[in-house]
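Examining the three-dimensional arrangement
Now for the letters of each chain:
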Amino acid sequence: MECLKMFHELSIMSSRLDIPFLKHFFKTFDPAHSKSLSSSITHFHLRDLESADYRSAYHQLCDWFYGWNVTDATEFGVPAAAGNAGAVAEHFKMKRVPRDIHIEEDGERVECDRIMKTFETLFSMSRRVLKKQYMDIEEQLPRIGQGLGTMSNVGKGGGAPRDGGDEDEGHMDEVEKVWAKARMKSDENENETGAAEREAGEGSTDSLDKDSGDLLKASRPAGMVVRRKTQAVLDGTKEMQRTSLSQEENDGVSRASTPSEPGADGEGSGRGTAEVTGKHLPIGALPPEGFSMQAPVHRGVLRQGPDEDDVRRVIQRDINHVFGELDRSTEFTLICLANIILVLSFSQLLEIKDNFIKFLSSAHELSMDFVSNTLKTVWDLLNRELPGDVSLRDIRDLSLLRAKLNALIQLRARNGRVPKYRYRKLYHKFGLLHDIFTAVDVHLFPNFVVAHKEGVKCARFSAFDSAMWLTGGYDCAIRIHDVRQPVFNSLGEKVGTGHTCLAQYVGHKSIVTDVRFTRDDRHIISSSFDRTIKIWNAQSASCERTLNGHVDSVTSCDVTPDGRYIASGSTDCSIRLWDVNNGACVAVIKKHLRWVKVVRFSHDGRYLASAGLDRRIYIWDLKILVNSRAISHTRCIEAHSDSVLDMATARPTLLVTTSRDSTVRLFDYVTGHELITLDLAPSWACTVCFSENGEYFAAGSFDNNVVIWRTKDCAKVRQIRVLNLGIMSVRFPKDLSYIAVGTTEGFLQQIPL
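Structural notes, computed from the coordinates. (Residues numbered from 1 in each chain as written. Predicted model: local features only at pLDDT ≥ 70, side-chain atom pairs only at ≥ 80, totals over all residues. Heavy atoms only, no water.)

The subject of this paragraph is the pattern of salt bridges. In total, this model carries 22 salt bridges according to the counting rule given. Counted as one network, the salt bridges with shared partners bring together Asp327, Glu331 and Lys429. (Salt bridge = Lys/Arg side-chain N within 4 Å of Asp/Glu carboxyl O.)

This paragraph deals with the packing of helix α5 (residues 53-66) against helix α12 (residues 308-349). The packing of two helices is summarised by the inter-axis angle and the distance between the axes. Where α5 contacts α12, the two axes come as close as 13 Å, and the packing angle between them is 30°. As the angle between them shows, α5 and α12 are arranged roughly parallel. In this structure, α5 meets α12 at a crossing whose hand is left-handed. Between α5, through Tyr54, Leu61 and Trp64, and α12, the contact on the second element is made entirely by Ile335, Asn339, Leu342 and Phe346. Grouping the amino acids of the contact of α5 with α12 by side-chain chemistry returns six nonpolar, one polar and no charged. (Axes fitted to C-alpha atoms, helices over the stretch in contact; angles between N-to-C directions. Helix = DSSP H or I, 4+ residues; strand = E, 2+ residues; numbered from the N terminus. Parallel < 35°, antiparallel > 145°, perpendicular 65-115°, else oblique. Left-handed = near helix turned anticlockwise from the far one by under 90°. Contact = heavy atoms within 4.5 Å. Nonpolar A, V, L, I, M, F, W, Y, C, P; charged D, E, K, R; others polar.)

Moving on, we come to the packing of aromatic side chains. Per the counting criterion, the structure on display carries 20 aromatic pairs. Ring plane angle 70° and centroid distance 6.3 Å describe the contact between Phe7 and Phe25, whose orientation is recorded as edge-to-face. Of this pair, Phe7 sits in helix α1 (residues 2-16) while Phe25 sits in helix α2 (residues 20-25), placing them 18 residues apart in sequence. The burial state of Phe7 is the same as that of Phe25; both residues are buried. Through a chain of ring-to-ring contacts, the aromatic side chains of Phe7, Phe25, Phe26 and Phe29 assemble into a single cluster. One residue, Arg660, lies across the ring of Trp684, its end atom 4.4 Å from the ring centre. (Phe/Tyr/Trp six-rings, centres within 6.5 Å; stacked < 30°, edge-to-face > 60°. Buried < 20%, exposed > 50% of the residue type's maximum accessible area, 1.4 Å probe, protein only. Lys NZ or Arg CZ within 6 Å of the ring centre and 35° of its normal.)

Turning our eyes to something else, we now look at the packing of helix α3 (residues 35-42) against helix α16 (residues 426-437). Running from N to C, α3 and α16 point in directions that differ by 125°, and their axes come no closer than 8 Å. Regarding the angle of α3 to α16, the classification is oblique. Helix-helix and strand crossings are classified by hand; for α3 and α16 the assignment is left-handed. Residues Lys35, Ser36, Leu37, Ser39 and Ser40 of α3 form the contact with α16, whose own contacting residues are His428, Lys429, Gly431, Leu432 and Asp435. Here the residues of the contact of α3 with α16 are counted per class, giving two nonpolar, five polar and three charged.

Attention shifts here to the sheet that holds strand β29 (residues 727-731). Taken together, the four strands give an open sheet; going across it, the order is β2-β31-β30-β29, and neighbouring strands pair in antiparallel fashion. The open sheet terminates on both sides in strands that have one partner only, identified here as β2 (447-450) and β29. Strand-to-strand twist across the sheet, computed as the mean angle between neighbouring axes with direction ignored, equals 20°. (Pairing = 2+ DSSP bridges.)

A few words on the sheet that holds strand β14 (residues 565-570). Pairing is antiparallel across the open sheet formed by four strands, whose spatial order is β13-β14-β15-β16. At either end of the open sheet lies a strand with only one pairing partner, and these are β13 (554-559) and β16 (585-589). Strand-to-strand twist across the sheet, computed as the mean angle between neighbouring axes with direction ignored, equals 15°. Where β13 lies against β14, five bridges are found, and the strand directions are antiparallel. The partner of Cys557 across the bridge, within β14, is Ser568.

Right, let's talk about the nonpolar core for a bit. Counting 84 residues, the largest nonpolar core has Met13 and Trp64 as the members making the most contacts within it. Here the element with the most residues in this core is α12; it accounts for 17 residues. Those residues in contact with Met13, other than ones at most four positions away along the chain, are Ile19, Leu22, Leu61, Trp64, Phe65 and Phe346. (Core = buried A, V, L, I, M, F, W, Y, C linked by side-chain atoms within 4.5 Å.)

Turning to the side chain of Thr518, a few remarks are in order. Residue position: Thr518 is located in the loop between β9 (512-517) and β10 (523-528). Accessibility expressed as a relative area gives 11% for Thr518, which makes it buried. At 3.1 Å, the side chain of Thr518 and the side chain of Asp520 are in polar contact. In this structure, Thr518 is in contact with His523 and Ile525, ignoring residues within four places of it in sequence. (Polar contact = N/O pair within 3.5 Å; in protein donor to acceptor, adjacent residues only side chain to side chain.)

Moving on: the environment of Phe601. As for its placement among the helices and strands, Phe601 is situated in strand β17 (residues 596-601). Aside from chain neighbours lying at most four places away, what touches Phe601 is Asp558, Val559, Thr560, Tyr565, Ile566, Ala567, Leu577, Tyr607, Leu608, Leu622 and Thr649.

Here we take up the layout of surface pockets. Taken as a whole, the largest pocket spans an internal volume of roughly 970 Å³. What lines the largest pocket is a set of 33 residues, among which Arg460, Phe461, Arg516, His603 and Glu692 lie closest to the centre. Put simply, the parts of the chain that give the lining of the largest pocket at least two residues each are β3 (456-461), β9, β13, β17, β21 (644-650) and β25 (685-690). With four residues, the single largest contributor to the lining of the largest pocket is β21. (1 Å grid on protein atoms, 1.4 Å probe; cavity = no way out; pocket = protein on both sides within 12 Å on 5 of 7 lines; lining within 4 Å. Points joined across faces, edges and corners; volume = space filled by probe spheres on them.)

Laid out in structure tokens, this is it:
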């Protein structure tokens, strides 16, 4: 729990010391008003683990930052043992004032380094435990329904019950107490019985030998009570058997049993069709034909096998057990992340760059492990309990995840009492993880809208409102969405247009590859794999014109700033220039040797750039394309060693490209000079964009990373990791308050900057 309380001290530290990392973190996260932090501290269950190591490390940090010592309680004349505990606590509270720290002094730097090493050690310990926890959960998932929470499975990877757990774990503790009392009582009875037998005489044939008795006692399950029969009990039992046998002989009772094959004669009917009791046959004699001698039937209680309700209860109990283990692993993730935040802060304070980069990578690995283990397991468990009612959207949105967990609890309530499982507060810990991970530019649960049923291939913001986004997707549709967070009134009713689809344009028969607004947002231009380019009326959502001419899929389109011409590129290796007013094809360019991947106009509308799988970038003069029959390119840039996937232009004459060769390159498209090469190996970016003013440019890669550079000096500003199944497009809004990310699962995510 101290690892979470530490964020209050780090918040104060960010205002007292010059640590840019902490200033960036606490710009959006306030520990004093964080509901997820307070709830996680209240429902933190790893107190026994932290009681020694983490509490001492936390006190070490506070001693250095506040200057506490053992005599603080008596400095103000309040004795520590005077029975005035409230006053002592008040004086301690008053003393929580940071001291003046001069980090340039050698003593301060040595103490900072010692604290940092302590938390590095704690991170290594917690990380090992967390990995073991993930392995245990992975082993338990296939065994759901076999009684993970029972005592017989505790030692088989089921995990021991923990103090302060949920109801099932508390019940297991009570069962352990009952078994312990039963074992004590059993031992007392055995001692009394053994003493009585020794008094009656040793060597009795009905008593157990001492060695065999010890062997039986060691082999029987814990809690089983074995009582020995005395000679009087055995004599009484034999007398009852003789009385029962003589009664049967006097009555001459013969009981017939049902034939095994009704209606069968001869040899086939000679098996066990009747039973004779009470008469003894001579030695060597055979029973009469049609009868069989069977052992006497012992009366007992017939126990039925488990019914559907029993199986369902076992499965639910096991799922509750796994949810408890998920809660435990989430707490260990919080511990590891808190250690990382402190180590990163002190590494930056001491200017140890290598250590900062090392633990920044550890934070990214921690986020990937959380997604691939914890969130995946939550997805599996919810699908077991709510089959067909859980989607990826429910796992990516904390409010929807909370609704699914509540639905799971209500489902259990209909089958019995309402349980109080630990995972009812699990989403609060997930929310806290998201808030803390943003400090290292990892976004687990960003704001998003479900823009399409499948991938978001392209996106553009509206000139009138940068919160309104035009998107084209793999579901052949074009839509306009409001990406703002929804607002609800006191009655729970939605107010405004947040997370709303404002318009839809349907007409393409295949994947929409590119979309563009005209300058005044009155028209929308789109291209598709159905070989067409369409011009839409933005207000009426009707298609005003369809441009046909390409003989294969159209991969990209763009419109000049004045809205007069449209350029399109295709997998037929050609580029076409269209007149918007009449839909006529002005020019056809066949210069590329392989597919044309992207076409873009310059911001002044004078040039057209094209690139494709032949690794070449061509620059075309628009006046020559419109007015000349002899079409020739102005410049050809050959810098990439693999296919060019995307490019963007910015003022004054900048061109940024990305390729399968794992590089992002910045050019001056007029002179053809390469300004810089940025290496992304081993990954590669599939999409690039400039900000509206050209101050920044960004690239999105398939490994869920968004990298932002400053255009002036090409310095890396941010590297953001986003939770999704793959990035397909990235775009800046007009105000640069966030970056929009289109994903392969059809989401348009809003990542704050």
